[in-house]
Amino acid sequence: MAYQLQEINRRIQSDVVEFLAECDENYAQRVSLAADRILSNLEHSPIVLLSGPSGSGKTTTAMKIAEELRRRGVNSHAVAMDNYFVTLNPKTAPRTPDGAIDYESPLFLDMDLLSDHFTALSRGEEILVPRYEFARQMRNDSLGTPLKLEKNEIAIFEGIHALNDDITGRHPEATKLYISARSNINEGAVLRFKGTWMRLTRRAVRDYSFRGTEVARTLDMWANVRRGEKLYISPFKGKADIVFDSSLPYEVPVMKNYALPILRSVPQDNERHDEMVELVRSFDHFEAIDPALVAKDSLLREFIGGGSYKYH
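Residues numbered from 1 in each chain as written. Predicted model: local features only at pLDDT ≥ 70, side-chain atom pairs only at ≥ 80, totals over all residues. Heavy atoms only, no water.

Q: Hey, could you go over the overall build of the protein for me, with residue numbers and the actual values?
A: Regarding its fold elements, the protein presents 9 helices and 10 strands. On C-alpha atoms alone, the protein measures out to a radius of gyration of 20 Å, which is about the 20 Å that the 2.2 N^0.38 rule sets for 312 residues. Classification of the 312 residues of the protein by burial places 54% in the buried group. Of all intrachain contacts in the protein linking residues separated by at least 6 positions in sequence, the fraction that spans at least 24 positions is 76%. (Helix = DSSP H or I, 4+ residues; strand = E, 2+ residues; numbered from the N terminus. Rg over C-alpha atoms; globule rule 2.2 N^0.38 Å. Buried < 20%, exposed > 50% of the residue type's maximum accessible area, 1.4 Å probe, protein only. Contact = heavy atoms within 4.5 Å.)

Dropping the structure here:
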């Protein structure tokens, strides 16, 4: 699927508020379809596995699905699978071909504990969802959160490895979802903005604004992030019961306000500098949208801030 640049700019000029509302409603309809599928499978499993690459909006989507299910009278809990990372041991940690620690590897996940927890929740037993402390790169079970599913309650586990064979192979009965910002933006037949650029822009803006990470550092990590996607995430998306697109037609015009200043700061000696110059030029094709017009519950708020959802 591709959006058309001319149509985006026309909608911005004609009625930007209506344009944003329509895009958000289209996304809400995708969330509603996911809720339909989850409920149809509830008699088989209360577990939902939501996967997608970095910058796809998994966290917000998981919360939106939980919200939609609660509106239908089904209590739901969104659980970040990042909390199931194992404590980092540099001596045994998986490595990339260049010798760096491979933070994208599924070997960082405690698959056995996840499987045990899925089984326990399905039986109505209580578990303790662990807490991973990223600053100390260790799991702290003493900060864990108890979770028990009552009858007709659902747990949505979201993470990049949620559809990995080591998880779905043990729990094929779970509902499986895959999400990614997949749509390019074209001007006629000419590509103006790549779908992968949307995710890179989301991550760069979020990391800079909320994690204190300079964009050059995000770019340095991006090559391994993309390598990890091809090795560990994309091969399993075919297992999903539903695959849906998290891109929003209005996001590039909004992100233009945030991304341009930080992307222009990338040093010339950065190996991705030429790509960043191309990316910066691509924003010139778009009319800008005032971020204040973006709804507080928009998925885009996960990356630009100021939203109504709480992120850890």
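Moving on from the coordinates now.
Q: Quick rundown of the sheet that holds strand S7 (residues 175-180)? Include the residues and the values.
A: Strands belonging to one sheet form pairs held by backbone hydrogen bonds; the direction of such a pair is parallel or antiparallel. Here 5 strands make up an open sheet; going across it, the order is S3-S6-S2-S7-S10 and the pairing parallel. Each of the sheet's edge strands pairs with one partner strand only, and the pair in question is strand S3 (76-80) and strand S10 (242-245). For this sheet, the mean inter-axis angle between neighbouring strands, taken without regard to orientation, is 20 degrees. The pairing of strand S2 (residues 47-51) with strand S6 (residues 154-158) spans 4 bridges and is classified as parallel. In the strand pairing of S6, Leu49 is matched with Phe157. Sitting on the sheet, helix H1 (residues 5-40) is in contact with S2, S6, S7 and S10, with an inclination near 170 degrees to S10. Helix H2 (residues 58-71) contacts S2, S3, S6, S7 and S10 of the sheet and is inclined by roughly 170 degrees relative to S6. (Pairing = 2+ DSSP bridges. Axes fitted to C-alpha atoms, helices over the stretch in contact; angles between N-to-C directions.)

Q: So what about the pairing of strand S8 (residues 184-187)? Which residues, and what values?
A: Taken together, the 3 bridges between strand S1 (residues 2-4) and S8 define a ladder with parallel strand orientation. Bridge pairing in S8 links Ala2 to Asn184. Examined bridge by bridge, S8 and strand S9 (residues 190-193) share 3 bridges and lie antiparallel to one another. Counted as the bridge partner of Glu187 is Val190 from S9.

Q: Could you give me a rundown of the sheet that holds S8, with the residues and numbers involved?
A: If you trace the 3 strands from one edge of the open sheet to the other, you get S1-S8-S9, paired in mixed fashion. The open sheet is flanked by S1 and S9, the only strands paired with a single partner. The average angle at which neighbouring strand axes cross in this sheet is 45 degrees, direction not considered. Where helix H5 (residues 195-210) meets the sheet, its contacts fall on S8 and S9, and the angle it forms with S9 comes to roughly 10 degrees.

Q: Let's hear about the side chain of Ser54: which residues, and what values?
A: Mapped onto the fold, Ser54 is located in the loop between S2 and H2. Note on Ser54: relative accessible area 12%, which makes it buried. If sequence neighbours within four positions are ignored, Ser54 has contacts with Ile160, Arg199, Arg203, Arg206, Trp222, Val225 and Glu229.

Q: I'd like to hear about helix H6 (residues 215-233), residue by residue, with values.
A: Compared with an ideal rise of 1.5 Å per residue, which puts 19 residues at 27 Å, H6 spans 24 Å between its outermost C-alpha atoms and falls more than 12% short. At Trp222, H6 is deflected by roughly 35 degrees, the largest bend along its length. Against S2, S7, H5, helix H7 (251-263) and helix H8 (273-283) lie the buried residues of H6. (Expected span 1.5 Å × (residues − 1). Bend = angle between axes of the 7 residues up to and from the residue.)

Q: Quick one: what's the story with the packing of H5 against H7, residue by residue and with numbers?
A: Their axes nearest at 10 Å, the elements H5 and H7 cross at an angle of 55 degrees. Between H5 and H7, the angle falls in the class oblique. The way H5 lies across H7 gives a crossing that is left-handed. For the pair formed by H5 and H7, the contact residues are Met198, Thr201, Arg202, Ala204, Val205 and Tyr208 on the first element and Glu251, Val252, Met255, Tyr258, Ala259 and Ile262 on the second. Among the residues forming the contact of H5 with H7, the class breakdown is 9 nonpolar, 1 polar and 2 charged. (Parallel < 35°, antiparallel > 145°, perpendicular 65-115°, else oblique. Left-handed = near helix turned anticlockwise from the far one by under 90°. Nonpolar A, V, L, I, M, F, W, Y, C, P; charged D, E, K, R; others polar.)

Q: Can you tell me about H8, naming the residues and giving the values?
A: Turning to H8, its buried residues are His273, Met276, Leu279, Val280, Ser282 and Phe283. Around the axis of H8, the buried residues are gathered within 170 degrees of arc, so they sit on the same side. Turned more than 90 degrees away from the buried face of H8 sit Asp274 and Arg281, all of them exposed. Its buried side turned inward, H8 meets S9, H5, H6 and H7. (Arc of directions from axis to C-beta.)

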